[in-house]
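As a plain string of letters, each chain reads:
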Amino acid sequence: MKLISIVGARPQFVKLAPLIRAIEARKEVAGLEHLIVHTGQHYDVGLSDIFFQELEIPNPDFNLGIGSGLHGVQTGLMLNKIEQVLIEVVPNMVVVFGDTNSTLAGALAASKLHIAVAHVEAGLRSFNRSMPEEINRIVADHVSDLLLAPTVTAKENLEQERLGNRSVLTGDIMYEAVLLSRRIARSASSVLDRLMLSPGAYGLVTVHRAENTEDPARLASILNALNELASSDLPLIFPLHPRTADRISKCCSDWTAHARLRLIEPLGYFDMLQLLDNARVTLTDSGGLQKEAFFVGCPCVTLREKTEWNETVEGGGNMLVGADREKLFYSVERWKRQYPAGRANFSRSVRQYFGNKSAATAILKAISDFLQKSNSASSTTHDEGVCGDADN
């Protein structure tokens, strides 16, 4: 059985790591061959190379080096190069993760070549089609053959779209990744010492989604609110995504960060997880960080009107504020009152919504079962065809 995993962005590297471990544990028994394609969507060392190193993911077998660009240009380049790889390798199945342009391009390229596609983290819906990620999710789900749903809600979404017969509830692979990496980060990361931070004495910020960075007025509103918040009693640490840095320089060049809003370079996964694990609150527009905050018990304020991870809201660990200053300040103050030490325990809700920490094994089993059934059906069809020809 030959699998190709297609990744391109930080959250996908994190999700790939537990699957790699599950594959390594079964490789000899199942006769698995697994190859990795890195599209290069995240090409910055701080957003790409360091994650492979820290998560002990093998170097990609193919690095396409696409880089950034407009959605159509970037996705088109990915389609072209991924198609060439698939024609060369001829895998039994392509595995895609999440909702990036790499996800969309991988699913489309494989489906057009009639190669089976498995979508990890299928069925997520924010119901906000102005987000490019929402379009990517929907299209990837509808062209994929095996839909690996992380939550009951995700599976129900697929059933609503008449995709239930392709879907399997596996639990959330990122939950598994965070639990493993959190233990490593506590001993491997020195980020608190390097930045001279005390646990519970700062907030963590990330902003990179197109809905927040492409609209100059919205971006300025968020940046000004962060400055105001930092000037109060909550210093903020803001690892700056390259896209956000570029947009600030072009659209908000007259904006200056407050002294207590510390803009820093992107961090490796263990450093970022250690920062999150010790923050009093996190403010983010990242889908992945919303979940990671929920898993480690860090109260979260999401800078979006809608989220694909409503479980974090229903489970009491996340509040949606968009770019509204009043809602942002209200949410931060509420978290500070509710959790004065900055630490929460959402573990009961996490287990309720996200499974039992064995998603990678469940995903690999679903892939194996699917391919075995496909092979059996193919063999049966072939045998019947031969007999039919002989009878004629």
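Residues numbered from 1 in each chain as written. Predicted model: local features only at pLDDT ≥ 70, side-chain atom pairs only at ≥ 80, totals over all residues. Heavy atoms only, no water.

Caption draft 1: Expanded view of the sheet that holds strand S5 (residues 116-120). The parallel open sheet is built from seven strands, whose spatial order is S3-S2-S1-S4-S5-S6-S7. At either end of the open sheet lies a strand with only one pairing partner, and these are strand S3 (62-63) and strand S7 (167-169). With two bridges connecting them, strand S2 (residues 33-38) and S3 associate as parallel partners. Within the sheet, the bridge partner assigned to His38 lies in S3 and is Asn63. (Pairing = 2+ DSSP bridges. Helix = DSSP H or I, 4+ residues; strand = E, 2+ residues; numbered from the N terminus.)

Caption draft 2: Representation of the sheet that holds strand S11 (residues 281-284). Strand order in the open sheet formed by six strands is S10-S9-S8-S11-S12-S13, with parallel pairing between adjacent strands. Every other strand in the sheet has two partners, leaving strand S10 (261-264) and strand S13 (318-320) as the edge strands with one partner each. Averaged over all pairs of adjacent strands, the angle between their axes in this sheet comes to 20°, without regard to strand direction. Contacting strand S8 (203-206), strand S9 (236-239), S10 and S11, helix H10 (residues 216-231) crosses the sheet at an angle of about 145° to S9. (Axes fitted to C-alpha atoms, helices over the stretch in contact; angles between N-to-C directions. Contact = heavy atoms within 4.5 Å.)

Caption draft 3: Broad picture of the nonpolar core. Counting residues in hydrophobic clusters, the biggest one holds 102 residues, and the most contacted among them are Leu55, Ile57, Leu236, Leu275, Leu283, Leu328 and Ile367. The leading source of residues in this core is helix H1 (residues 10-30), at eight residues. Residue contacts for Ile367: discarding those within four places in its chain leaves Met1, Leu3, Met93, Val95, Ala118 and Leu146. Counting 21 residues, the second largest nonpolar core, distinct from the first, contains Ile66, Ile82, Val94 and Ala109. (Core = buried A, V, L, I, M, F, W, Y, C linked by side-chain atoms within 4.5 Å. Buried < 20%, exposed > 50% of the residue type's maximum accessible area, 1.4 Å probe, protein only.)

Caption draft 4: Examining empty space enclosed by the protein more closely. Under the defined criterion, the tally for this structure stands at one cavity of 30 Å³ or more. Roughly 40 Å³ of volume is contained in the largest cavity. The wall of the largest cavity is formed by Val120, Glu121, Leu148, Ala149, Pro150, Thr170, Gly171, Asp172, Ile173 and Ile363. Grouping the constituent residues of the lining of the largest cavity by class yields six nonpolar, two polar and two charged. (1 Å grid on protein atoms, 1.4 Å probe; cavity = no way out; pocket = protein on both sides within 12 Å on 5 of 7 lines; lining within 4 Å. Points joined across faces, edges and corners; volume = space filled by probe spheres on them. Nonpolar A, V, L, I, M, F, W, Y, C, P; charged D, E, K, R; others polar.)

So far we have only geometry, and geometry alone does not tell us how the molecule works.
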